[in-house]
Amino acid sequence: MNKKEVDILIKNTSYLDENFQVKEHVSIAVSDGTIQKIYTENPTALQAVDIIDGSGLLWMPGLVDGHMHTGQQLLKGAVLDELPMIWTRIMLPFESTLTPEKMRLSAGLAALEMIKNGTTGFIDAGSYYMEEAAKVYVISGLRGALSHSSMDQGNFPDSIRQTTQEVLKSQDRLYDAFHGKGNLKVFYSLRALMNCSPELTAATAQRALDRNTFYQAHMNEYAGEVNYTLQNYQMRPVEYLESLNALNNRFIAAHGIMLSSHERALLEKVGAKVVHCPFSNCGKGVPNTPDLLERGICTGLGTDGTAHGGLSLWNEMKIFRSVMNAFWGTGNADPAVMPARTILKIATENGSKILGEENCGVLKEGYKADMISVNWRQPQLLATNNKVNTLLECVVGNDINDSIVNGKLLMRNRQVQTLDEEKLMWQAEHYFATGEVIE
Ligand SMILES: [Zn+2]
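What counts and how
Residue positions are given per chain, counted from 1 along the sequence in the order it is written. Only residues with pLDDT of at least 70 are given local features in this predicted model, and only at 80 or more are side-chain atom pairs given and counted; all residues enter the totals for whole chains, interfaces and linings. Processing note: side-chain calculations cover all non-hydrogen atoms of the structure and skip hydrogens and water entirely. Helical segments are the DSSP runs of H or I of at least four residues, strand segments are the runs of E of at least two, and each set is numbered from the N terminus. Each radius of gyration is computed over the set of C-alpha atoms, and the globule rule expresses the reference value as 2.2 Å times the number of residues to the power 0.38. Exposure categories follow from relative accessible area, calculated using a 1.4 Å probe and restricted to protein chains: below 20% of the type maximum is buried, above 50% is exposed, and the middle band is partly exposed. Residues are treated as being in contact if the distance between any of their heavy atoms lies within 4.5 Å. For accessible areas, the Shrake-Rupley method is used with a probe of radius 1.4 Å. Any residue's cover is judged against the shown protein chains and nothing else. Charge convention: Lys and Arg are scored as positive, Asp and Glu as negative, and His as well as the terminal groups of each chain are ignored. Charge placement uses NZ in Lys and CZ in Arg. For Asp and Glu, CG and CD serve respectively. Only strands joined by at least two bridges in the DSSP assignment are considered to pair. A clockwise course of the path from the first strand over the helix to the second, judged with the strands pointing away from the viewer, identifies a crossover as right-handed. Metal-coordinating donors are taken as N, O and S atoms lying within 2.8 Å of the metal, or within 3.2 Å when the metal is Na, K or Ca; because water is left out, some sites can appear incomplete. Working convention: axes come from line fits to C-alpha atoms, limited for helices to the stretch in contact. Angles between N-to-C directions cover 0 to 180 degrees. When a carboxyl oxygen of Asp or Glu is within 4 Å of a side-chain nitrogen of Lys or Arg, the pair counts as a salt bridge.

Can you walk me through the overall build of the protein chain in this structure?
Helix and strand content of the protein chain: 14 helices and 18 strands. Its C-alpha atoms give the protein chain a radius of gyration of 21 Å, within 12% of the compact-globule value 22 Å for 439 residues. Structurally, the protein chain occupies a C-alpha span of about 70 × 55 × 40 Å along its principal axes. Of all 439 residues assigned to the protein chain, the portion counted as buried reaches 59%. Contacts in the protein chain between residues far apart in sequence, at least 24 positions, make up 70% of those at least 6 positions apart. With an accessible surface of roughly 17500 Å², the protein chain has 49% of that area assigned to carbon and sulfur atoms. Side chains of the protein chain give 40 positive and 50 negative charges; the mean places of these two sets differ by 3 Å.

Right under this line is the structure:
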C-alpha cells in the first residue's frame, strides 16, 4: 500500500482545540495550507515532507496583532513617559522622514519580532512607503493587511502632505499592487477623523466596499478627538461616520476606548469591529469591552506598534486581563470578568475575523494552518494545574518554538526560516549607531 504524503506531520504532541481545551497525545497533518487531519492515534500510513517531533510542545492558533505600525518600528523606547501629544511631537515628525530603506528595515525587524513572538497575522494601521514594507512582508510569509497613512487635513511636514485625491490614489495604488499578493491584503484607512475631510472619509469607506476589502481608523482614542467631531459636527465620532454613510461591517475601529452606549449600539447594528491596544490604551482610558462582547461585536487586540511596549501580544493579553479586572472586575466583585479563554479567543479567532479571514484562527481540521507551538518544557510552565490559565499568565514570546502560516514553516526551533535574522540584527545595530541604513 502506498503511503499518503502530507507537507508537515507533527507527531506526539498536544494542542488547544476550538473550545480552548488542551488535547494530549495527538498528531497533526498539515497540507496545502490547511490543517488536514488531527489524529488521536499514530498515523503509520502517512509520509511527510517535514516531520516535527511535537513532544513537549503545545500547539495553538497563531496570534493576530489587529493594530500595529510598521512605520514606527524604529521608535522603540522613544515614547514611554513622554508628555502629550506624542503623535504630533514624536510619531508624525519621525514618519515624515521615512525613506524606502528605513521602511524595508522597519518591515524586516517588525516581521522578525512578530514571528518570534508567535504572531502569525497583523493589520498595519498605515504609513508611508508601504510598497517597500509590503515587499518584505511577502517574503516573511506572515499573513497581514497593509494600509497607506491617509490624511488630507492638518498641519503636516511637506513630505507627507497630500490632497484628498492624492490620498485616494495612494490607497488605490497600494491596493492594486499588493492586495492578494502572497498572504497580504490591503485595507483602506483613515488615520484619524480629525485629519480626514468628510469627502475623504466617505470616499474611503466607499472604496473599501467597492473593492471588497476593509477600512480602519483610530477611533475614540482621546478626548480631544471626540471633542473634535462634537464641536465641528455636533456628533460623536461613530455617529459622524454613520451620518456620512461611512459605517458598515467593513469598518475596524482601532482603540475604541471612549465609545458611548449609542456608539456601541451603532457598531453592533452594522457589524463593525473593534481592536483594543491595552498597553498603549492604559494612558488614555479603559474600554467597555464586557459590553462590546455582550453585544457580539467582534473585538480583537493589537500592540499599537513596537514603540508602545513591543510587538508581543502575550504582553498585551496580560495587560488587558489586568486592566479589565482592575476596572470592571473589582467594580462589580467579578473575578472572572475577562477569563483566560475569552482573551485567547480575542487574540486568535477574533483577530483572524478582523483580518477578514474565513476558516482561520482555530486549530481545527479544514481550517487554515496558521499555528504556533509553545515549548512547555520550561520551569515557568511545567507542573501547572491548568494549561489554559498558564498560557495567559506565564507564557512570553520567547517560549514560542515554531510558527506555521498558510501551511508553511516560518520558524522552527526558534530559527526563522524566511528572513535573514543575522543580517537584520546587523542592519539594526548599524542604524542605531549611525542613523544610516545599509543593505
Ligand atoms: Zn495606532
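Would you explain the pairing of strand 12 (residues 251–255) in this entry?
Put simply, side chains in a regular strand alternate between the two faces of the sheet. Extensive coverage of strand 12 is indicated by the burial of 5 of its 5 residues. Two elements, strand 11 (residues 215–219) and strand 12, share 5 bridges in a ladder whose sense is parallel. Directly across from Q216, in strand 12, lies its bridge partner I252. As paired strands, strand 12 and strand 13 (residues 273–276) are joined by 3 bridges and run parallel to one another. Bridge assignment links A253 to a residue of strand 13, and that residue is V274. With helix 8 (residues 261–270) bridging strand 12 and its parallel neighbour strand 13, the resulting β-α-β unit is right-handed.

Got a minute to help me understand the coordination of the zinc ion in this structure?
The expected angle between donors at a tetrahedral four-coordinate metal is 109.5 degrees. At an octahedral six-coordinate metal it is 90 or 180 degrees. Coordination of the zinc ion by the protein is provided by H67 (NE2), H69 (NE2), H218 (NE2) and D304 (OD), with metal-donor distances spanning 2.1 to 2.3 Å. Residue class for H69 comes out buried when judged on its relative accessible area of 4%. Taking relative accessible area as the criterion, D304 reaches 4% and is therefore assigned buried.

Honestly, the sheet that holds strand 9 (residues 184–186) in this entry has me stumped. Any pointers?
Strand pairing in a sheet takes place through backbone hydrogen bonds and is either antiparallel or parallel in direction. The strand order 6-7-8-9 describes an open sheet built from 4 strands, whose pairing is parallel. Only two strands of the sheet have a single partner each, and these edge strands are strand 6 (63–68) and strand 9. Across this sheet, the average inter-strand angle for adjacent strands is 15°, counted without regard to direction. As defined by bridge partners, strand 8 (residues 143–146) adjoins strand 9 across 3 bridges and the pair is classed as parallel. Its bridge partner being in strand 9, G144 is matched across the sheet by L184. Helix-sheet contacts for helix 11 (residues 313–331) involve strand 6 and strand 7 (119–124), and the interaxial angle to strand 6 is about 80°.

Where do I start with the pattern of salt bridges in this structure?
Summed over all chains, the structure comprises 28 salt bridges. For K23, the salt bridge goes to D17, with nearest N and O atoms at 2.8 Å. Judged by relative accessible area, D17 falls into the buried class, the value being 8%. As a salt-bridge pair, R295 and D291 come within 2.7 Å of each other at their nearest N and O atoms. It is possible to trace a salt-bridge network through shared partners that takes in E101, R104, E132, K135 and E439.

What exactly am I supposed to notice about the sheet that holds strand 13 here?
Pairing is parallel in the open sheet, where 5 strands are placed in the order 10-11-12-13-14. Only two strands of the sheet have a single partner each, and these edge strands are strand 10 (188–192) and strand 14 (299–301). Each strand of the sheet is rotated relative to its neighbour by a mean of 20°, with strand direction disregarded. Of the pairings in the sheet, the one linking strand 13 to strand 14 comprises 3 bridges and is parallel in character. Residue pairing for strand 14: V275 is matched across the bridge by G300. Relative to strand 14, helix 12 (residues 340–354) is tilted by about 105°, and along the sheet it contacts strand 12, strand 13 and strand 14.

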